[in-house]
Amino acid sequence: MAEQIRITTPLTDETIKKLKAGDSVLITGVIYAARDAAHKCMVEALDRGEELPVDFTGQMVYYVGPSPAKPGEPIGSAGPTTSGRMDPYAPLLLDKGLKGMIGKGYRSEAVVDSMKKNGVVYLVTTGGAAALISKTIKAYEVVAYGDLGPEALARMEVVDFPAIVAIDSTGRNFYQEGQKAYRQL
């Protein structure tokens, strides 16, 4: 297994350029949590000419709707949501400075094109490891759209959050490259 790369947030252009499809990373810093309902609210706010509730410049968002926290824990299980649900909203948020997305599954061509244009990286994490992933989340605070419950926009502090670069900022796609060895002509 390849060595894991340690990165911190907010992401810099230099860090993003070094990340390549297939790299295994451990993330420390702030990651924002948001699912499709929060993304819809943010894009609607922008469409009305309003500011976003947080400055996404250099930030990462994790597509997650966590389960309730047990007493004494900041968060419950926190597995990724299918990223394609955010595809209608992602390009506009990338234009606003968002530099990293974490979820699971494929991304649309429009999202990949926007990633290349904006110098953004897409990472994936294992859905079946939600309880283990939650152990890397040290703090969780709702910052907007609290009425959405687990789909609210939240600020998370993480230490050694595990992920794999699925699509790098040049558009190299680990899903496609990883399958090449198993395709028959």
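Residues numbered from 1 in each chain as written. Predicted model: local features only at pLDDT ≥ 70, side-chain atom pairs only at ≥ 80, totals over all residues. Heavy atoms only, no water.

Visitor: Please clarify how the nonpolar core should be interpreted in this entry.
Guide: Counting 29 residues, the largest nonpolar core has Met 42, Phe 56, Met 101, Met 115 and Leu 153 as its most contacted members. Those elements giving two or more residues to this core turn out to be β2 (24-33), α2 (36-47), α3 (90-95), α4 (109-118), β5 (121-124) and β7 (153-167). Considering every element that reaches this core, the biggest residue donor is α2, with four residues. Judged by nonpolar contacts, the second largest core, of 25 residues, contains Ile 7, Leu 11, Leu 19 and Ile 31. (Core = buried A, V, L, I, M, F, W, Y, C linked by side-chain atoms within 4.5 Å. Buried < 20%, exposed > 50% of the residue type's maximum accessible area, 1.4 Å probe, protein only. Helix = DSSP H or I, 4+ residues; strand = E, 2+ residues; numbered from the N terminus.)

Visitor: Quick question: what am I supposed to make of the environment of Thr 9 here?
Guide: Along the chain, the position of Thr 9 falls in the loop between β1 (5-8) and α1 (13-18). Note: C-alpha distance between Thr 9 and Gln 59 (50 residues apart in sequence) is 6.6 Å. Excluding residues within four positions of it along the chain, Thr 9 makes contact with Ile 27, Thr 28, Gly 29, Val 30 and Met 60. Here Val 30 takes part through its backbone nitrogen, which lies 2.6 Å from a polar atom of the side chain of Thr 9. (Contact = heavy atoms within 4.5 Å. Polar contact = N/O pair within 3.5 Å; in protein donor to acceptor, adjacent residues only side chain to side chain.)

Visitor: Got a minute to help me understand the packing of aromatic side chains in this structure?
Guide: The relation between two aromatic rings is expressed through the spacing of the ring centres and the mutual angle of the planes. Here the structure, examined in full by the defined rule, presents three aromatic pairs. Summarising the aromatic geometry, the rings of Tyr 32 and Phe 56 are spaced 5.7 Å apart at their centres and angled 85° between planes, so their arrangement reads as edge-to-face. Placement of Tyr 32 in strand β2 and of Phe 56 in the loop between α2 and β3 (60-62) is noted, with a sequence separation of 24 residues between them. On the accessibility criterion, Phe 56 (2% relative accessible area) is buried. Here the aromatic rings of Tyr 62 and Phe 161 are separated by 5.0 Å at their centres, their planes lie at 75°, and the arrangement is edge-to-face. Within this pair, whereas Tyr 62 is found in strand β3, its partner Phe 161 is found in strand β7, the two being separated by 99 residues in sequence. Phe 161 gets classed as buried once you look at its relative accessible area, which sits at 0%. The ring of Tyr 122 carries the charged tip of Arg 107 above its face, separated from the ring centre by 4.9 Å. (Phe/Tyr/Trp six-rings, centres within 6.5 Å; stacked < 30°, edge-to-face > 60°. Lys NZ or Arg CZ within 6 Å of the ring centre and 35° of its normal.)

Visitor: Please explain the pattern of salt bridges as it appears in this structure.
Guide: A side chain of one charge can pair with a side chain of the opposite charge if their charged atoms are brought near each other. Taken as a whole and judged by the stated rule, the model has 12 salt bridges. Between Asp 36 and Arg 35 there is a salt bridge, and its shortest N-O distance comes to 3.6 Å. Under the relative-accessibility criterion, Asp 36 is labelled partly exposed at 23%. Under the relative-accessibility criterion, Arg 35 is labelled buried at 18%. Residues Arg 172 and Asp 168 are paired through a salt bridge, measuring 3.9 Å at the closest nitrogen-oxygen approach. Judged by relative accessible area, Arg 172 falls into the partly exposed class, the value being 35%. Members of the salt-bridge network, linked through shared partners, are Arg 35, Asp 36 and Glu 151. (Salt bridge = Lys/Arg side-chain N within 4 Å of Asp/Glu carboxyl O.)

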